[in-house]
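# Observations on the model geometry
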Amino acid sequence: MTNLLIDHVAKTYGDKAVLHDIHIEVPEGQFVSLLGPSGCGKTTTLNIVAGFVAADKGKVLLGGTDITSAAPYSRDTAIVFQNYALFPHMKVEDNVAYGLRARKVAKSEIAERVREILRVMGISELAGRYPGQLSGGQQQRVAVARAVVVRPGALLMDEPLSNLDAKLRAEIRIELRALQKNLNQTVLFVTHDQEEALSMSDRIVVMNGGRVEQMGAPDDVFKRPETVFVADFMGVENIFKGSSGERAWTSDSGLALPLADARDVAYVGVRPSEIDVIEPESAHTGDESASFPASITERTYLGNSVRYQMQSGSQRIVALVPQTRARFDVGAEVSARIAAASVLPLAASKGGAVELVPA
Ligand SMILES: Nc1ncnc2c1ncn2[C@@H]1O[C@H](COP(=O)(O)OP(=O)(O)OP(=O)(O)O)[C@@H](O)[C@H]1O
């Protein structure tokens, strides 16, 4: 059964269309992320599900019930915001109990459920404190506890981890995902962070300019981006524009690339980590791979790896090489080798403009 259905929703502010025909299904017990850059319409979509914003077109169904026009408080949803939004004058235990009291749950059951969720979130000792006496990470755990304790049909989360430092963010990511699986909680999660979406989600919905660009399992979206926008957003830094010739795909800048699966596409992408930087004399071009003479214009040390920026004729190429194999310096004449299997055929994007690597 589909738990949450965003059914062909559209929204316009003034004369600006911010959502065009958004259609997303969140199956029961799944963690689905809306991923995209600032302004692509993630929060507006979430707010339409929560009932804070009215859709111009389309419907929202939760557990089969049409909630499109229901008041926010009467929807079976709970929301966690980036800024925690706890009630400052209430102790942690009262913050967490709030939704249960509003839903008229019996007093003894409230006490039991609050105690249990505080234990699960590892914050039992904070029950008697006020939000102002807590760290950011502790406040966000309380906000999650407050939302989850009511066992909402859909838990909505809008960039809940963005205010936390990197280490804590990584920690809470793992906790949140474990909790969600444990409770079989349906989640719609908003983020602009691809790593966050990849590490937590069952499915990712990549949005661009108010449209769904691609939807799929994390591995799918990462390994098989379908459009220039998704590829670019997923770290495929080398995007070439060109056309299919008789034997190979050729970029407008003159690079002839073998395509594993011959297709007539306008763009191809290659992840920097898939490009080998080798001595020119070991270069070899065949059906399996192609090598291009290039000179190194920039070398950036990144710890485990080195990022090389190279120029091959008029084409800029970026490669990421494990630190132990990065033996070239700026100015070196090298060969950039690209395997056919790592060349991703890409369609043009559906939504907003995309900046391409200059040819
Ligand atoms: N109340 C409003 N009035 C007018 N325009 C709005 C309103 N709310 C959002 N917008 C516009 O709608 C577009 C989508 O905004 P939205 O907040 O949904 O994007 P987002 O992907 O969540 O980005 P961010 O991560 O920056 O919040 C933006 O261009 C924004 O300026």
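Residues numbered from 1 in each chain as written. Predicted model: local features only at pLDDT ≥ 70, side-chain atom pairs only at ≥ 80, totals over all residues.

Under an unreviewed UniProt entry, the protein chain has the name ABC-type quaternary amine transporter and belongs to Spelaeicoccus albus.

### Focus on the site of the ligand
Around the ligand, the surrounding shell consists of Y13, V18, G36, S38, G39, C40, G41, K42, T43, T44 and H192. For the shell around the ligand, the leading source of residues is helix α1 (residues 42-50), giving three residues. Looking at side-chain class alone, the shell around the ligand contains three nonpolar, seven polar and one charged residues. (Near = placed C-beta within 6 Å. Helix = DSSP H or I, 4+ residues; strand = E, 2+ residues; numbered from the N terminus. Nonpolar A, V, L, I, M, F, W, Y, C, P; charged D, E, K, R; others polar.)

### Quick look at the packing of helix α4 (residues 136-148) against helix α5 (residues 166-183)
For the pair α4 and α5, the least separation of the axes is 12 Å and the interaxial angle reads 15°. The angle between α4 and α5 places the two elements in the roughly parallel class. Where α4 crosses over α5, the handedness of that crossing is right-handed. Of α5, the residues touching α4 (which contributes G137, Q140, V144 and V148) are L168, I172, L176, L179 and L183. Among the residues forming the contact of α4 with α5, the class breakdown is seven nonpolar, two polar and no charged. (Axes fitted to C-alpha atoms, helices over the stretch in contact; angles between N-to-C directions. Parallel < 35°, antiparallel > 145°, perpendicular 65-115°, else oblique. Left-handed = near helix turned anticlockwise from the far one by under 90°. Contact = placed C-beta atoms within 7 Å.)

### Some thoughts on the sheet that holds strand β19 (residues 333-339)
Pairing between sheet strands relies on hydrogen bonds along the backbone, with the strands arranged either parallel or antiparallel. Taken in spatial order, the five strands of this open sheet run β15-β19-β16-β17-β18, and their pairing is antiparallel. With partners counted over all chains shown, the strands left at the sheet margins are β15 (275-278) and β18 (315-322), one partner each. The mean angle between the axes of side-by-side strands here comes to 45°, regardless of whether they run parallel or antiparallel. Alignment of strand β16 (residues 289-301) against β19, held across seven bridges, turns out to be antiparallel. Bridging across to β19, S291 finds its partner in R337. (Pairing = 2+ DSSP bridges.)

### Things to note about the domain arrangement of the protein chain
You can read the domains of the protein chain as domain 1 (2-223) and domain 2 (236-346). Computed from C-alpha atoms alone, the centre-to-centre distance between domain 1 and domain 2 is 40 Å. (Domains from an automatic or database assignment.)

### Considerations on the confidence of the model for the protein chain
Averaged over all residues, the pLDDT of the protein chain is 90; the fraction at 70 or higher stands at 96%. Counting interchain partners and residues more than four positions distant, the pLDDT-below-50 stretch residues 353-359 has 15 contacts. The ipTM value of the predicted complex is 0.95, and its pTM value is 0.90. (pLDDT = per-residue confidence, 0-100.)

### What about the nonpolar core?
Note that soluble globular proteins tend to have their nonpolar side chains buried in a common cluster. With 96 residues, the main nonpolar core has V49, A145, L188, A319 and A336 as its most contacted residues. Looking at this core element by element, the count peaks at six residues for α4. Beyond its immediate sequence surroundings of up to four residues, A145 is in contact with V96, I117, L118, M121 and I123. (Core = buried A, V, L, I, M, F, W, Y, C linked by C-beta atoms within 7 Å. Buried ≥ 20, exposed ≤ 12 C-beta atoms within 10 Å, placed from the backbone.)

### A closer look at the packing of helix α2 (residues 92-102) against α4
Here α2 crosses α4 at 30°, and the two axes come no closer than 7 Å. Between α2 and α4, the angle falls in the class roughly parallel. In this structure, α2 meets α4 at a crossing whose hand is right-handed. Every residue of α4 that contacts α2 at V92, N95, V96, Y98 and G99 is listed here: V142, A145 and R146. Class assignment of the residues belonging to the contact of α2 with α4 gives a composition of five nonpolar, two polar and one charged.

### Re the sheet that holds strand β8 (residues 187-191)
Across the sheet, six strands lie side by side as β6-β7-β8-β3-β9-β10; this open sheet has mixed pairing. Edge positions in the sheet fall to β6 (77-80) and β10 (211-216), since each of these pairs with one other strand and no more. Sheet twist, expressed as the mean angle between neighbouring strand axes with direction ignored, is 20°.

### Describing the pairing of strand β11 (residues 238-244)
Within a regular beta strand, the side chains point alternately toward one face of the sheet and then the other, so they alternate between its two faces. Sheet topology places β11 next to strand β14 (residues 267-270); four bridges connect them, and they run antiparallel. Bridge pairing in β14 links F240 to V268. The pairing of β11 with strand β12 (residues 249-251) spans three bridges and is classified as antiparallel. Bridge pairing links S243 to T250 in β12.

### Some words on the environment of A54
The residue A54 is located in the loop between α1 and β4 (57-62) in this model. According to the C-beta neighbour criterion, A54 is exposed, with 10 such atoms within 10 Å. For the pair A54 and L176, spaced 122 residues apart in the sequence, the C-alpha separation amounts to 29 Å.

### Observations regarding the UniProt feature "domain: ABC transporter" (unreviewed entry) in the protein chain
Residues annotated in UniProt with the feature "domain: ABC transporter" (unreviewed entry) correspond here to residues 4-234. Helix makes up 36% of residues 4-234 and strand 26%, and the two end C-alpha atoms of the span are 26 Å apart. (UniProt positions renumbered as here; feature names shortened; annotations may be inferred.)

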